[in-house]
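# Results of the structural survey
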Amino acid sequence: MGFQLTIVTPQRPVLDREVETVVVPGQEGDFGVLASHEPFLAPIEGGVLCYTADGRTTEVEIGGGFAEVGHDRVIVLAQSADGAEIGSEKA
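Presented here is a report on the structure given in the accompanying data block. Everything numeric in this text was worked out from a predicted model, so none of it was measured.

### Some words on unusual backbone geometry
In the Ramachandran plot, Ser36 falls in the positive-phi region, its phi being about 65° despite a non-glycine side chain. The topology assignment puts Ser36 in the loop between β4 (29–34) and β5 (40–44). Despite not being glycine, Asp54 has its phi angle at roughly 55°, a positive value. Within the secondary structure layout, Asp54 lies in the loop between β6 (47–53) and β7 (56–62). Under the relative-accessibility criterion, Asp54 is labelled exposed at 67%.

### Topic: the pattern of salt bridges
This structure, assessed with the given rule, holds 2 salt bridges. We note a salt bridge from Arg17 to Asp54, for which the minimum N-O separation is 3.2 Å. With Arg17 in strand β2 (residues 13–19) and Asp54 in the loop between β6 and β7, this residue pair connects regions lying 37 residues apart in the sequence. Since its relative accessible area comes to 24%, Arg17 is described here as partly exposed.

Conventions we followed
- Residues numbered from 1 in each chain as written.
- Predicted model: local features only at pLDDT ≥ 70, side-chain atom pairs only at ≥ 80, totals over all residues.
- Heavy atoms only, no water.
- Helix = DSSP H or I, 4+ residues; strand = E, 2+ residues; numbered from the N terminus.
- Buried < 20%, exposed > 50% of the residue type's maximum accessible area, 1.4 Å probe, protein only.
- Salt bridge = Lys/Arg side-chain N within 4 Å of Asp/Glu carboxyl O.

Here is the structure:
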């Protein structure tokens, strides 16, 4: 069972898909999220966000911002995002 991961930049939404896990570069260190995680809001640092979907791990380079974690959704509001899954352009 997975949950929805959404990454949004000021320019546009860049990713919205179901994932099994996500690891986010938080200001106090990386944190991992699984389905049914306890909800919280955290500031994030620029760095590499990793998620696993369909048994495959993907990396997305993100700028700082915030992550909102819910029981069935993680929303990342980032200054920028770049990675193979979202295209080669800076978002």
